[in-house]
Amino acid sequence: MAAEIEILGIDDLRSLSGIKWNKFPSDVLAAWVADMDVRPPPCVNRALAELVDRADFGYNRRASELLADTFARWQLESHGWSPPTEEVRVFCDVLQAIDVALWLHTDPGDGIILLTPIYPPFIRAVDGAGRRIIDVPLDPDGWRLDPARLRAAVDGDTRAVLLCSPHNPTGRVFDRDELTAIAEVANEHDLLVVSDEVWADLVHPGATHVPLASIGDEVAARTVTVSSASKAFNLAGLRCAVAHVGHAGVAARLDALPGHLLGAVGTPGAEAAIAAWTDGRDWLAALRRHLTARRDQLARRLATELPRVGFDSPEATYLAWLDFRELGLGDDPSARLLDLARVALGSGPDFGPRGNGFGRLNFATSEDLLDDMLDRLVSAINA
Ligand SMILES: Cc1ncc(COP(=O)(O)O)c(C=O)c1O
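Keep in mind that what you see is a predicted model, and the values were worked out from it rather than measured. (Residues numbered from 1 in each chain as written. Predicted model: local features only at pLDDT ≥ 70, side-chain atom pairs only at ≥ 80, totals over all residues. Heavy atoms only, no water.)

1. Side note on the overall build of the protein chain
Point 1. In terms of helices and strands, the protein chain carries 14 helices and eleven strands.
Point 2. Computed over its C-alpha atoms, the radius of gyration of the protein chain comes to 21 Å, within 12% of the 21 Å expected for a compact globule of 383 residues.
Point 3. For the protein chain, the C-alpha atoms occupy an extent of roughly 60 × 55 × 35 Å along the three principal directions.
Point 4. When burial is assessed residue by residue, the protein chain has 55% of its 383 residues classed as buried. (Helix = DSSP H or I, 4+ residues; strand = E, 2+ residues; numbered from the N terminus. Rg over C-alpha atoms; globule rule 2.2 N^0.38 Å. Buried < 20%, exposed > 50% of the residue type's maximum accessible area, 1.4 Å probe, protein only.)

And the structure:
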């Protein structure tokens, strides 16, 4: 029997303790933070229930030791990339791994390249750490990377690229040419590349995710690839991530850190990721079909009912990066639309200055709830 996903209705969603459906008053529909309105796969619930049944809560290294192998096998079967397991490390979350890699390799004032607009914690990972953002805007006409712009941006103090691949918020899946350009620039200028590939398993038909480290040995040896089961399997609250640390300098500095500085991942997070990456493939296929259908539902309704909202159909993710600039809703349309439509979108300006006039809509919900959200947006905007 084909795997099925279970999409939650509004009452179930409001009964959850997570932030998505609790941040705003109960008349607001939540389309902001990147959690999905689906139950995680049964294999994950089973693994966690068995853990509880066994009351298996003692000190535990087994799960995090198994993670490296499980991750490597999942990468090979999903993306044709075989990260050496001895170079895979476990972290408590994706952003921890990113912060640590950048912190260990760069000094205050060093330049770190971001392809903008960009997921807000990337901005904080750079300027919150006293490093300098080197802004490389993606081409707003389709959100492609212009290699010439990337090359021109590198200066003498540039030390790293922080890449989001596939890209949040635009949903772009960088193709082999774009990734090769990034690899070439990194190789020429001796840059560390931190490649956040947490969205790699949520690619829509027609696009293919290429792990940056699979482009070639030279770039693999300067890359830290970070991943997690959190986005594709809806497990963000369980806090568990892995990183392939191909960069020997970062690996050595990691080894030199005080033993407990970074903490250790908890057994539930590790067991959940192992279950997802071992038994979750059919469920993931069903989820992807659902997400592609929602993306296309959104695209159809925007084209017919809100043609002045700019939208490039995402090649990956369940996020739509919407351009409201023609509508005169100001720099932060999400604030106006929260008032007018009672729909909570992600705020465009949080994604950097290139997000002004934009908002991010999370479409990982049911067909009906997405229709409700769109009905509200259409009425508010066309009023
Ligand atoms: C690009 C990107 N990286 C990292 C994260 C956070 O992942 P986690 O909470 O699993 O660490 C997100 C969450 O939406 C994301 O979009």
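Next comes the rest of the account.
2. A short note on the packing of aromatic side chains
Point 1. With the rule as written, the count across this model stands at nine aromatic pairs.
Point 2. Both rings, one in W143 and one in F358, keep their centres 6.0 Å apart while their planes meet at 65°; by these two values the pair is edge-to-face. Residue W143 is located in the loop between strand 4 (132-137) and helix 6 (147-153), and its partner F358 is located in strand 11 (residues 358-362); the two are separated by 215 residues in the primary sequence.
Point 3. A centroid spacing of 4.9 Å and a plane angle of 75° characterise the contact between W199 and Y318, whose relative ring orientation is edge-to-face. With W199 in the loop between strand 6 (192-196) and helix 8 (217-220) and Y318 in the loop between helix 12 (281-305) and strand 9 (319-323), the pair connects residues that are 119 residues apart, well separated along the chain. Like Y318, W199 is buried.
Point 4. A network of ring pairs unites the aromatic residues W143, W321, F351 and F358 as a single cluster. (Phe/Tyr/Trp six-rings, centres within 6.5 Å; stacked < 30°, edge-to-face > 60°.)

3. Describing the site of the ligand
Point 1. Close to the ligand lie 13 residues, the nearest being V94, N168, D196, W199 and S230.
Point 2. Contacts to the ligand include D196, whose side-chain N or O atom sits 2.5 Å from a nitrogen atom.
Point 3. Taking S230, its side chain carries an N or O atom lying 2.7 Å from an oxygen atom of the ligand.
Point 4. Protein contacts shield 94% of the accessible area of the ligand, which totals 400 Å² for the unbound molecule.
Point 5. Breaking the shell around the ligand down by element, the ones donating at least two residues are helix 4 (94-105) and helix 9 (230-233).
Point 6. Residue composition of the shell around the ligand, by class: seven nonpolar, two polar and four charged. (Near = heavy atom within 4 Å. Polar contact = N/O pair within 3.5 Å; in protein donor to acceptor, adjacent residues only side chain to side chain. Areas by Shrake-Rupley, 256 points an atom, 1.4 Å probe, with all protein chains shown as cover. Nonpolar A, V, L, I, M, F, W, Y, C, P; charged D, E, K, R; others polar.)

4. Remarks on helix 13 (residues 333-341)
Because each turn of an α-helix spans 3.6 residues, side chains separated by three or four positions in sequence point in the same direction.
Point 1. Of all the residues in helix 13, the buried ones are P333, S334, L337, L338 and A341. One side of helix 13 holds all its buried residues, which, seen down the axis, span an arc of 140°.
Point 2. Here the buried face of helix 13 lies against strand 10 (343-347), strand 11 and helix 14 (367-382).
Point 3. Trailing helix 13 by a residue or two, R342 shows a phi angle of about 60°, which is positive. (Arc of directions from axis to C-beta. Contact = heavy atoms within 4.5 Å.)

5. Some remarks on the sheet that holds strand 11
Point 1. What the four strands build is an open sheet, ordered 1-10-11-9; its pairing is mixed. Each having just a single partner strand, strand 1 (29-31) and strand 9 make up the two edges of the open sheet. Direction aside, neighbouring strands of the sheet carry axes that sit 35° apart on average.
Point 2. Relative to strand 11, strand 9 runs antiparallel, the two sharing five bridges. Of the residues in strand 11, the one forming a bridge with D323 is F358. (Pairing = 2+ DSSP bridges. Axes fitted to C-alpha atoms, helices over the stretch in contact; angles between N-to-C directions.)

6. Regarding the domain arrangement of the protein chain
Point 1. The domain boundaries assigned to the protein chain delineate domain 1 (10-38 + 281-382) and domain 2 (45-279).
Point 2. Here the C-alpha centre of domain 2 lies 25 Å away from the C-alpha centre of domain 1.
Point 3. Across the contact, 27 residues belong to domain 1 and 36 residues belong to domain 2.
Point 4. Summing both sides of the interface, domain 1 and domain 2 together bury roughly 2700 Å²; the carbon and sulfur share of this comes to 56%. (Domains from an automatic or database assignment. Buried area = accessible area lost by both parts, 1.4 Å probe.)

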